[in-house]
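Topology and contacts: notes
Listed here are the chains, written in short residue letters.
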Amino acid sequence: MPERGRFITLEGLDGSGKSTQLRRLAVRLRAHGRTVLETVEPGGTEIGRSIREILLDSANQRLSPTAELLLYFASRAQNVDELILPALARGEIVLADRFTDSTLAYQGCGRGLGAEVVDQLDRIACRGVRPDLTLFLDIDLETSLARARSRNLAQSSTETRMDDQAFEFHRKVYDAYQCLAVREQERIKPIDGRGAIDQIEQEIWRVVSAYV
Ligand code: ADP
Ligand code: TYD
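Worth saying up front: this structure is predicted, and the values here are computed from it rather than measured.

**Re the site of ligand 1**
Around ligand 1 sit 14 residues, and of these Gly15, Lys18, Ser19, Thr20 and Arg151 come closest. Residue Thr20 places a side-chain N or O atom 2.5 Å away from an oxygen atom belonging to ligand 1. With respect to ligand 1, the backbone of Gly195 contributes an N or O atom lying 3.0 Å from a nitrogen atom. Here ligand 1 has 560 Å² of accessible area as a free molecule, and 74% of this is covered by the chains. Mapped by element, the contributors of at least two residues to the shell around ligand 1 are helix H1 (18-31), helix H6 (141-154) and helix H8 (197-209). Looking at the shell around ligand 1 element by element, the count peaks at 3 residues for H1.

**Quick look at the side chain of Asp97**
By secondary structure assignment, the location of Asp97 is in strand E3 (residues 93-97). As a buried residue without a salt bridge, Asp97 has its nearest oppositely charged side chain in Lys18, at a separation of 4.6 Å. Excluding residues that lie within four positions of it along the chain, Asp97 makes contacts with Leu10, Lys18, Ser19, Leu22, Thr39, Val40 and Glu41.

**Side note on the site of ligand 2**
In the vicinity of ligand 2 lie 16 residues, with Asp14, Lys18, Arg98, Thr103 and Gln107 positioned nearest. Between an oxygen atom of ligand 2 and a side-chain N or O atom of Lys18, the distance comes to 2.7 Å. At a separation of 3.0 Å, an oxygen atom of ligand 2 approaches a polar side-chain atom of Arg52. A total of 550 Å² of accessible area belongs to ligand 2 in isolation, and the protein chains cover 96% of it. Listing elements by their share of the shell around ligand 2, those giving two or more residues are helix H2 (46-56), helix H3 (65-89) and helix H4 (100-110). Top contributing element to the shell around ligand 2 by residue count: H4, with 4 residues. Taken together, the residues of the shell around ligand 2 sort by class into 5 nonpolar, 3 polar and 8 charged.

**Notes on the pattern of salt bridges**
When the charged atoms of two side chains lie near each other, side chains of opposite charge can form a pair. Taken as a whole, this structure holds 17 salt bridges when the rule is applied. Arg30 is the salt-bridge partner of Glu38, the closest N and O atoms lying 3.0 Å from each other. Under the relative-accessibility criterion, Glu38 is labelled partly exposed at 35%. The class of Arg30 is partly exposed, set by a relative accessible area of 40%.

**Regarding H4**
Taking burial as the measure, the 11 residues of H4 include 10 buried ones, the bulk of the element. Taken residue by residue, H4 has Thr100, Asp101, Ser102, Thr103, Leu104, Ala105, Tyr106, Gln107, Gly108 and Gly110 as its buried positions. Looking at the packing, one finds that the buried side of H4 touches strand E1 (6-11), H3, helix H5 (115-126), strand E4 (133-138), helix H7 (167-183) and strand E5 (188-192).

**With respect to the sheet that holds E4**
Taken in spatial order, the 5 strands make up an open sheet running E2-E3-E1-E4-E5, and their pairing is parallel. Two strands lie at the open edges of the sheet, namely strand E2 (36-40) and E5, each paired on one side alone. Averaged over all pairs of adjacent strands, the angle between their axes in this sheet comes to 20°, without regard to strand direction. Two strands pair when backbone bridges link them, and E1 and E4 are joined in this way by 4 bridges, in the parallel orientation. The partner of Thr9 across the bridge, within E4, is Thr134. Against the sheet, H8 contacts E1, E4 and E5, and its axis sits at roughly 155° relative to E4.

Basis of the calculations
- Here, residues in each chain are numbered from 1, in the same order as that chain's written sequence.
- Here the convention is simple: chains get letters from A, ligands get numbers from 1, in the order in which they are written.
- In keeping with the predicted nature of the model, local features appear solely for residues at pLDDT of at least 70, side-chain atom pairs appear and are counted solely at 80 or more, and the whole-chain, interface and lining totals rest on all residues.
- Where side-chain values are given, they derive from all heavy atoms of the structure, hydrogens and water being excluded.
- Residues are labelled near a given molecule or strand when at least one of their non-hydrogen atoms is within 4 Å of it.
- Polar contacts, as counted here, are pairs of nitrogen or oxygen atoms within 3.5 Å of one another; within protein the pair requires one atom able to donate a hydrogen and one able to accept it, and residues that are adjacent in sequence qualify only if both atoms are side-chain atoms.
- Accessible surface area values rest on a Shrake-Rupley calculation with a 1.4 Å probe, where residue burial reflects the displayed protein chains alone.
- Numbering of helices and strands starts at the N terminus; helices are DSSP runs of H or I of at least 4 residues and strands are runs of E of at least 2.
- Relative accessibility thresholds used throughout: buried, under 20% of the residue-type maximum; exposed, over 50%; partly exposed, between the two (1.4 Å probe, protein chains only).
- Residues counted as positive are Lys and Arg, residues counted as negative are Asp and Glu, and His and the chain ends are not counted.
- The salt bridge criterion pairs a side-chain nitrogen of Lys or Arg with a carboxyl oxygen of Asp or Glu, the two atoms within 4 Å.
- We call two residues in contact when some of their heavy atoms are within 4.5 Å.
- In this classification, Asp, Glu, Lys and Arg are treated as charged, Ala, Val, Leu, Ile, Met, Phe, Trp, Tyr, Cys and Pro as nonpolar, and every other residue, Gly included, as polar.
- Pairing between two strands requires that DSSP report at least two bridges joining them.
- Note on geometry: axes are C-alpha line fits, over the in-contact stretch for helices, and angles between N-to-C directions span 0 to 180 degrees.

On their own, these measurements won't tell you what the molecule is for.
Written as C-alpha cells, this is what we have:
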C-alpha cells in the first residue's frame, strides 16, 4: 500500500497570488520527482465547475448566504470524493487553491454565518480530509483587491460576484484569516505576499521542501 500523500492548500484574499504560486510550486515538486494533483475551489471537477459558475456569476445577486455556503461545500464534496481522496490514497501531493479555511473566512466570518456551521458541514463534505499544510499568502487588502480587479478587467471576467463585495466584507475576511493563522500555527504558515513573484516562490519552496 503506498504511503498516504500530502495535502497542501493555498489560502488568502482574492488577488493575493495563490494561483500564480500554486502553478510554480507544482512545477518545482514535479522537478523533484513528485506526482502532483492541482485543484481549485470552487471548481476542480466538471461538476464543481458548474457549481462555480453559479457561485461566481455576477448576475446571481440574489443567491442567499445559506445557499452560497452549501454550494461551496457541494463543490468541495465532489472534489474530495472524485479527486482529492483517491490522489492521497495513491500517495500523491495534492495542491488546492483554497479549501475550508476559505469558507471559514468568507461565509463564517464575512457573511456572519459562524464557524460552527462551517465545521459541521466540513465533517460531512470532507470526510476527515484536512490540509497537512496551509500556505497563507498574507497581503494588504488594498493591494490584493486592486490586483484581483485589474486581472478581472484584463480577462473580461464575469466571475466577479465575490470580488465585487463591499470593502468591509473583505476586511472581515482578512481579519478571519489572521485569526486562523494565529490559532493554527502548526498547520498554517503565513507567507509575505507583497514581494516579487520569484521571491515568494523561493520562500514557499523553503517551507514546503522542509515538509514533503
Ligand atoms: P489569486 O489566485 O490569489 O487570486 P493570482 O495568482 O491570480 O491571485 O494573482 C492576481 C494577479 O496579480 C494576477 O494578475 C497576477 O499576475 C498578479 N500577481 C500575482 N503575484 C504577484 C506579485 N507577487 N506581484 C505582483 N503581481 C502579482
Ligand atoms: P477565485 O477566482 O477562484 O479566487 P481568487 O480571486 O482568489 O483567484 O474565486 C473564488 C471566490 O470564491 C473568491 O472570492 C473566494 C470565494 N470563496 C468563498 O467565498 N468561499 C469558499 O469556500 C471558497 C472556496 C471561495
